[in-house]
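Chain and residue survey
What follows is each chain in one-letter form.
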Amino acid sequence: MATQSLMRRLPPVSVMIASLVLLIMLILVIFAPLIAPMDPRDVASYSLMDMEIPPAFMEGGDPRFLLGTDNQGRDLVSVILFGLRISVVIGLGAVIFAAVLGVVFGLVAGFFGGMVDSIVMRVADIFVSFPTILVALLISGIARAQLSAETMLAWAPLVLIFSIAINEWVQYARTVRASTMVEIARDYVRAAKVIGLPAPRIMGRHILPNIMSSVMVIATINLAGAILTEATLSFLGAGMPPTYPSLGTLIRIGNQFLFSGLWWIAVMPATVLVILVLAVNVIGDYLRDHFNPKLMAR
Amino acid sequence: MIRLFSVRLLQAILVMVAVTAIAFVMFRFVGDPVASMVREGATQAEKDAVRVALGLDKPVAMQFANFVGQVLTGDLGTSYRYQQPVTTLLLSRLPATLELVIVATVLALSLGIPLGVLCALKPNAFLSRLTQSATLVGISMPTFVTGLLLILIFAVNLRWLPSSGRGDLVDIGLWETGFLSLSGLKSLILPSITLALFQLTLIMRLVRSEMIDVLSSDYIRFAFARGLPRPYIYGRLALRNALMPVVTVTGLQIGQLIAFAIVTETVFQWPGMGLLFTNAVGYPDVPVLAAYLLFVGFLFVMINMIVDILYTFIDPRLRTR
Amino acid sequence: MTDTTRPVLDIRNLRVEYPLANGNTLVAVKDIDLMIRPGEIHALVGESGAGKTTVGNALMGLLQAPGKIAAGSIVIAGKEINLRTGRTEGIVPGRDVGAIFQDPMTSLNPLFTVESQLCEGMLTHLKLSSREAKARALDLMKAVGIPEPERRLGSYPHQLSGGQRQRVVIATALACNPQLIVADEPTTALDVSVQAQILKLIRDLADERGVGVLLVTHNMGVVAEIADRVTIMQNGAVVESGSTREVLTAPKAPYARTLIGAVPPIDVRLERLPVPSEETQVALDARASVRRKNAKSETGNRDDMVLSVRDLAVEYGARSLFRKASVFKAVKGVSFDVRRGEIFGLVGESGCGKTTVANTIAGLVTQSGGSINFQGTALGGRREKSVRQSLQMVFQDPYSALNPRLRINAAIAEPILFYKLASSADEARQDAKTLLEAVGLPADAGTRFAHAFSGGQRQRIAIARALGPRPSLLICDEPTSALDVSVQAQLLNLLKDLRDLAGLSMLFISHDLAVIRQMCDRVAVMKAGEIVELADTETLFTAPKHEYTRELLRLAPSVERILGRELASA
């Protein structure tokens, strides 16, 4: 039956829910300035009078503040919306940067092999020896010792994107290299060589479309990882500053009030973070099983 | 095999040279080493004296050679913040980190391998589906959030377990251990669970996918065709093949383990090397940063050498090459 | 003692079904009967998808998950398989049925010694002590003819050659004295000389130990060589069964006749292989049109050399950043010529360097010595566009020969456009259509992707793509060895027609002597990177000079032997 076969082609319910959640989050992120009840960066829009109000559904809650307020009286919904925005932008930025870098190096290493391959992969080995978080912390430490506070503030998002991507590109490079080596052994690539097509054309027109699905799968899974890494760095104090808080920064701030019973300041942004990453991971997992079950489990 | 080892050794040395060079650049050029050594308002003459004492007036190449010499003898400079030799600082923090990492790793392996095997063998069993969904939540939950939630539940609300520190320590000569006191063990529970959860999901997923691969191989089909008992095929034949990549990945993941130990130690204020490092980032205490970098590089190289050696024992194909 | 009258295998009305996701049922095996007596080798033959492997798997208890025995009965050595569970209850795989798989490289576990893999079955099924098992393992190693059996027991699989591994697999199958052995393509992954030894071993074991063997294979030569009886399957059903001689010499069923007729004979050259032809007027017109367009490349007379190879040497050596690995000489001083309009064959066992020669001429591998002269141009590292255009290639594996992301039209048009042989994309698409018709495919095939086509059709498309740049030399590297025998016959006929109609010269690489005899005008036999003999095909097959050529001809399993025709050399 037609409806039956259509049902079978649809992804499982969990994936559809995850996609919906992600779509809603993306809309919220894009239109955050229009949706947010107030602008957390505008000091005039909030008041210390409203500080430490619990979420609206709790005793002592205020219907104006759905998720409560923080220690400065800022509405958590607004703060989280803007924080989510920063987290997503840095995550996407890091993924795109890493993917471009990794695909180019992986293709070149896999296609030419030999010396080129050895050099690229040894460099990749060294990069991957040092975990993202460690490298980012080091960069942050060095930057603190060398640069002024304002310079650091302005550069923080770019430094974060760079620190995350500089480590993560290796994953793309390794996968793309391995897939490229599989593809160039296939006869259609050998045929393209015999036909006499130039190397860039073979890489771009013949190999790349055939490995793109693995790249997309890694990119999705990697997006979850990048958002987590950014959050962790911000939580450790080496990421976004409190003046431009990402979700991680918000949790760092909330952490200080955990023992005073003001749990929502930390838990609300943490919940949003976990939902975001979970949604991305559910989709990534589905894509991996669907396109390429042999990709390395993370 | 000897050539394989010499190649590995050469690679290890290259990595160490690169790391040492970066550490040297950090020591020498990041911040002002002299300003941190002299009292405030020191005269230029006093500064120059310190400069000469530190050897900073010599050519850079000479300084690097000196630096390498110092590193080899275990002299990693003096912490700006604590005004103590960095080596002493690191060594005093080492036991805390080691105890945490070892407990977490044992926990993760002892749960991760059986669960991974189960999910591969019986993908439709209730426990497998539960585990599969749980790992998805697991990898979506950053380590620091796990830590915060555990603190919120078990330390703040239930007040069962301490949220920070190592509790009472017992001096056993070489180091002070938290294994031998009740408060020490209680303090270990939350941090080790936090660190283990991250490793657990990783190991479980890896064992599962490797096991699925191995089960579809010809030699396992051949084993079934010979009518060998299922427990024997799964437990001895297939598991041995499936665990090979787990060994490699464990080696490669050592960096991740270090990174997440930093996070865990920071969340639980666990007085290990990771906490020392995060505090040094905020200060910024450059000699500690550089020394930690050297230490991590060394650890990484050593563990990978051990994994390589281990591999040749497990895989007969490498032994005779 | 084995009862010589009771069959070791008696299959009645066996039906194997796979429930499909859409609710339908795929009947993989349709109500077949099959009987094997002790000491008898019974061959089960058919093309891919015939269901022959499914029968073997059903006997070994290895049916893939949703598949089940739906009806019928299987009796192995007097014991019946429980059909209610679909499992071999009462019959233990390993003890009652021994198994031999196709690829000895993958059927042994790389992490365990030969001894451990040989003994585990005996420890389980025969309850032997480990000392008894070891003694028996040693006997088995001797029985299957492995040199230095004591030392080899302690070896790991990777330390043995392919033939030795297959011997170990056979020893493992024999370990618990089963009365029936299922051998699924036991020699397909092996070279001719090793294949001959393994086949002889299986024959001897059947004769001496009275084991019944179910030999699943696609190779009629293997059947003729050792089988007592043969059953031919098509689409899950038995079409013919009987003694090997009867079936091979006088097949009754039409399909059996086609199948056996499609096997290229090694002792005589046929003009065309007797398979149903699908050549149409459309195809002939298209070929004529292709020939007209090719006209420019057909200057010069027939005795001109298209290709002259002199002292060609190729070395492989993996050079990494840290070490310079040892150098492997794949080709050592090979010289030959290909004349205009001829098909020149290169034949030899795997690893003899024939494919490396092809790759070097095609420019996929760089030579380390010697010269290649192509239509008066010396070929070096960098090649002129015009040279690349005139030299095209058809590869072995039809499933990887086409880019899965490219429509067929785009794939064929790409080289035409690249060499500016068409003034517009439309004209190139028109050319692609003509080429598809010329290789016997409908013109609208071009709008689809590669996955819509069967292996044989894909190989036709690959040929069309190679003809696009209007080459003067077509290199064919094992173009039919991945295909079923009837498809192979059609493709060989097609290649011959194209040569005649489009005036192509070909360099034809194959490991199959019979195919070479059907296709080539002249042939060179390669061994270990060198040409040992080069002659006209008829001369080489009727009066081989070199010892190695004679050995290859003697060992090649052939249908003709059972027909009573003796080869001149044998």
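Calculation rules
Residues numbered from 1 in each chain as written. Chains lettered and ligands numbered in written order. Predicted model: local features only at pLDDT ≥ 70, side-chain atom pairs only at ≥ 80, totals over all residues. Helix = DSSP H or I, 4+ residues; strand = E, 2+ residues; numbered from the N terminus. Buried ≥ 20, exposed ≤ 12 C-beta atoms within 10 Å, placed from the backbone. Rg over C-alpha atoms; globule rule 2.2 N^0.38 Å. Contact = placed C-beta atoms within 7 Å. Axes fitted to C-alpha atoms, helices over the stretch in contact; angles between N-to-C directions. Parallel < 35°, antiparallel > 145°, perpendicular 65-115°, else oblique. Left-handed = near helix turned anticlockwise from the far one by under 90°. Nonpolar A, V, L, I, M, F, W, Y, C, P; charged D, E, K, R; others polar. Expected span 1.5 Å × (residues − 1). Pairing = 2+ DSSP bridges. Domains from an automatic or database assignment. Right-handed = clockwise from strand over helix to strand, strands pointing away. Core = buried A, V, L, I, M, F, W, Y, C linked by C-beta atoms within 7 Å. pLDDT = per-residue confidence, 0-100.

**Some points on the overall build of chain B**
Within chain B, the secondary structure is distributed over 14 helices and two strands. A principal-axis box enclosing the C-alpha atoms of chain B has dimensions of 85 × 60 × 35 Å. Looking at chain B as a whole, 41% of its 321 residues qualify as buried.

**Quick notes on the overall build of chain C**
The secondary structure content of chain C amounts to 21 helices and 20 strands. On C-alpha atoms alone, chain C measures out to a radius of gyration of 26 Å, which is about the 25 Å that the 2.2 N^0.38 rule sets for 570 residues. Principal-axis analysis of the C-alpha atoms gives chain C an extent of 75 × 55 × 50 Å. Excluding contacts between residues fewer than 6 apart, the proportion of contacts in chain C whose partners are at least 24 apart in sequence is 69%.

**Points about the packing of helix α6 (residues 132-146) of chain A against helix α7 (residues 149-185) of chain A**
All names here are of chain A. Running from amino to carboxyl end, α6 crosses α7 at an angle of 150°, the nearest separation of the two axes being 9 Å. By the criterion of interaxial angle, the relationship of α6 to α7 is roughly antiparallel. Relative to α7, the crossing made by α6 is right-handed. Contacts from Thr 132, Val 135, Ala 136, Ile 139, Ala 143 and Arg 144 of α6 reach α7 at Met 152, Val 159, Ser 163, Ile 164, Ile 166, Asn 167 and Glu 168. Broken down by class, the residue content of the contact of α6 with α7 amounts to eight nonpolar, three polar and two charged.

**Observations regarding helix α10 (residues 230-252) of chain B**
Residues three or four positions apart in an α-helix share a direction because the helix packs 3.6 residues into each turn. Residues and elements named next belong to chain B. For α10, which comprises 23 residues, the first-to-last C-alpha distance of 32 Å matches the rise-based estimate of 33 Å (1.5 Å per residue) to within 8%. Every buried residue of α10 is accounted for by Leu 237, Ala 238, Asn 241, Ala 242, Leu 243, Val 246 and Thr 250. Among the structural elements, α8 (182-215) and α9 (218-225) are those in contact with the buried residues of α10.

**Comments concerning the sheet that holds strand β13 (residues 343-347) of chain C**
Residue and element names in this part refer to chain C. Judged by pairing direction, the sheet is mixed, and its six strands sit side by side in the order β16-β17-β18-β13-β19-β20 without closing on themselves. Here the strands that pair on one side only, and so sit at the sheet edges, are β16 (391-394) and β20 (530-536). For this sheet, the mean inter-axis angle between neighbouring strands, taken without regard to orientation, is 20°. Two strands pair when backbone bridges link them, and strand β17 (residues 473-477) and strand β18 (residues 505-510) are joined in this way by five bridges, in the parallel orientation. Bridge pairing links Leu 474 to Met 506 in β18. Packed on one face of the sheet, helix α16 (residues 455-467) meets β16 and β17 and runs near 175° to β16.

**Some points on the domain arrangement of chain C**
In many reports, interface size means the accessible area that the parts give up when they come together. All names here are of chain C. Split into domains, chain C comes out as domain 1 (9-261) and domain 2 (281-305 + 338-365 + 378-538). A separation of 38 Å is found between the C-alpha centroids of domain 1 and domain 2. Taken together, the contact pairs seven residues of domain 1 with five residues of domain 2. Tallied by class, the residues present in the side of domain 1 that touches domain 2 amount to two nonpolar, three polar and two charged.

**Regarding the interface of chain C and chain B**
Listed by partner, the interface residues are 25 residues for chain C and 21 residues for chain B. Elements with a contribution of two residues or more to the side of chain C that touches chain B: α2 (104-107) and α3 (114-125) of chain C. At four residues, α3 of chain C tops the list of elements feeding residues into the side of chain C that touches chain B. Class assignment of the residues belonging to the side of chain C that touches chain B gives a composition of 11 nonpolar, 10 polar and four charged.

**Some remarks on the interface of chain A and chain B**
Each side of the interface is counted separately: chain A has 37 residues, and chain B has 38 residues. Those elements giving two or more residues to the side of chain A that touches chain B turn out to be α5 (114-129), α6, α9 (199-236) and α11 (264-291) of chain A. Among the elements that line the side of chain A that touches chain B, the one with the most residues is α6 of chain A, at 10 residues. Tallied by class, the residues present in the side of chain A that touches chain B amount to 26 nonpolar, eight polar and three charged.

**Some remarks on the packing of helix α10 (residues 247-255) of chain A against α11 of chain A**
Residues and elements named next belong to chain A. Two elements in contact, α10 and α11, have axes whose closest approach is 7 Å; the angle formed by their N-to-C orientations is 155°. Regarding the angle of α10 to α11, the classification is roughly antiparallel. As for the relative orientation of α10 and α11, their crossing is left-handed in sense. On α11, the residues touching Leu 247, Leu 250, Ile 251, Ile 253, Gly 254 and Asn 255 of α10 are Ile 265, Ala 266, Pro 269, Ala 270, Val 272 and Leu 273. Per-class residue counts for the contact of α10 with α11 are 10 nonpolar, two polar and no charged.

**Observations regarding helix α12 (residues 273-282) of chain B**
Burial of α12 of chain B is extensive: seven of the 10 residues sit out of reach of the surface. If you check which residues of α12 of chain B are buried, you get Met 273, Gly 274, Leu 275, Leu 276, Phe 277, Ala 280 and Val 281 of chain B. If you follow the buried residues of α12 of chain B, they end up packed against α6 of chain A together with α5 (86-121), α11 (254-267) and α13 (286-314) of chain B.

**Regarding the pairing of strand β7 (residues 180-184) of chain C**
Residues and elements named next belong to chain C. Across the five residues of β7, five count as buried, placing the element largely inside the fold. Covered by surrounding structure in β7 are Leu 180, Val 182 and Asp 184 together with Ile 181 and Ala 183, the residues of both alternating faces. When strand β6 (residues 97-100) meets β7, the two strands line up parallel, connected through four bridges. Across the sheet, residue Gly 98 finds its bridge partner in β7, namely Ile 181. Relative to strand β8 (residues 212-217), β7 is paired through five bridges, and the arrangement is parallel. Within the sheet, the bridge partner assigned to Leu 180 lies in β8 and is Gly 212. You can see the chain leave β7, run along helix α7 (residues 192-209) and come back into β8, and the turn it takes is right-handed.

**Regarding the nonpolar core**
Ile 80 of chain A, Leu 289 of chain B together with Leu 180, Leu 214 and Leu 507 of chain C are the most contacted members of the largest nonpolar core, which has 346 residues in total. In terms of residue count, helix α4 (residues 76-112) of chain A provides more of this core than any other element does, 20 residues in total. Of the residues that make up this core, three or more belong to each of domain 1 (9-261) and domain 2 (281-305 + 338-365 + 378-538) of chain C.

**Points about the pairing of β13 of chain C**
Residue and element names in this part refer to chain C. Taken across its five residues, β13 has five buried, putting it largely inside the fold. Where burial is concerned, the two faces of β13 agree: the one with Ile 343, Gly 345 and Val 347 and the one with Phe 344 and Leu 346 are both buried. Bridge analysis of β13 against β18 gives five bridges, and the strand direction is parallel. Paired with Gly 345 across the bridge in β18 is Phe 508. Both β13 and strand β19 (residues 522-527) contribute to a ladder of four bridges, which runs parallel. Opposite Leu 346, over in β19, you have Ala 524 as the bridge partner.

**Re the sheet that holds strand β4 (residues 68-76) of chain C**
Residue and element names in this part refer to chain C. Pairing is antiparallel in the open sheet, where four strands are placed in the order β2-β1-β4-β5. In this open sheet, the two edge strands, each paired with only one partner strand, are β2 (25-36) and β5 (79-80). The sheet contact formed by strand β1 (residues 9-19) and β4 spans seven bridges and is antiparallel. Bridge pairing links Glu 17 to Lys 68 in β4.

**Observations concerning the confidence of the model for chain B**
Here chain B averages 83 in pLDDT, and 95% of its residues register 70 or above. Mean pLDDT across the elements of chain B ranges from a minimum in helix α2 (residues 33-37) of chain B, with 68, to a maximum in α5 of chain B, with 89.

**A closer look at the confidence of the model for chain C**
Residue and element names in this part refer to chain C. Predicted confidence across chain C gives a mean pLDDT of 85, with 92% of residues reaching 70 or more. Across residues 565-570, where pLDDT falls below 50, the model places 11 contacts with residues more than four positions away in sequence or in other chains. Two summary scores accompany this predicted model of the complex, namely pTM at 0.79 and ipTM at 0.81.

**A word on the environment of His 158 of chain C**
For His 158 of chain C, the location among the structural elements is in the loop between α5 (149-153) and α6 (162-174). If sequence neighbours within four positions are ignored, His 158 of chain C has contacts with Arg 317 of chain B together with Pro 110 of chain C.

**What about the environment of Ile 218 of chain A?**
All names here are of chain A. With respect to the helices and strands, the residue Ile 218 is situated in helix α9. Take Ile 218: there are 29 C-beta atoms within 10 Å of it, and that puts it in the buried class. Sequence separation between Ile 218 and Gln 171 is 47 residues, and the spatial gap between their C-alpha atoms is 8.0 Å. The contact partners of Ile 218, leaving out residues within four places of it in the chain, are Gln 171, Tyr 172 and Thr 175.

**Some remarks on the environment of Ala 224 of chain C**
Residue and element names in this part refer to chain C. Along the chain, the position of Ala 224 falls in helix α8 (residues 220-226). For Ala 224, a count of 24 C-beta atoms within 10 Å puts it in the buried group. Spatially, the C-alpha atoms of Ala 224 and Glu 185 are 14 Å apart, while their sequence positions differ by 39 residues.

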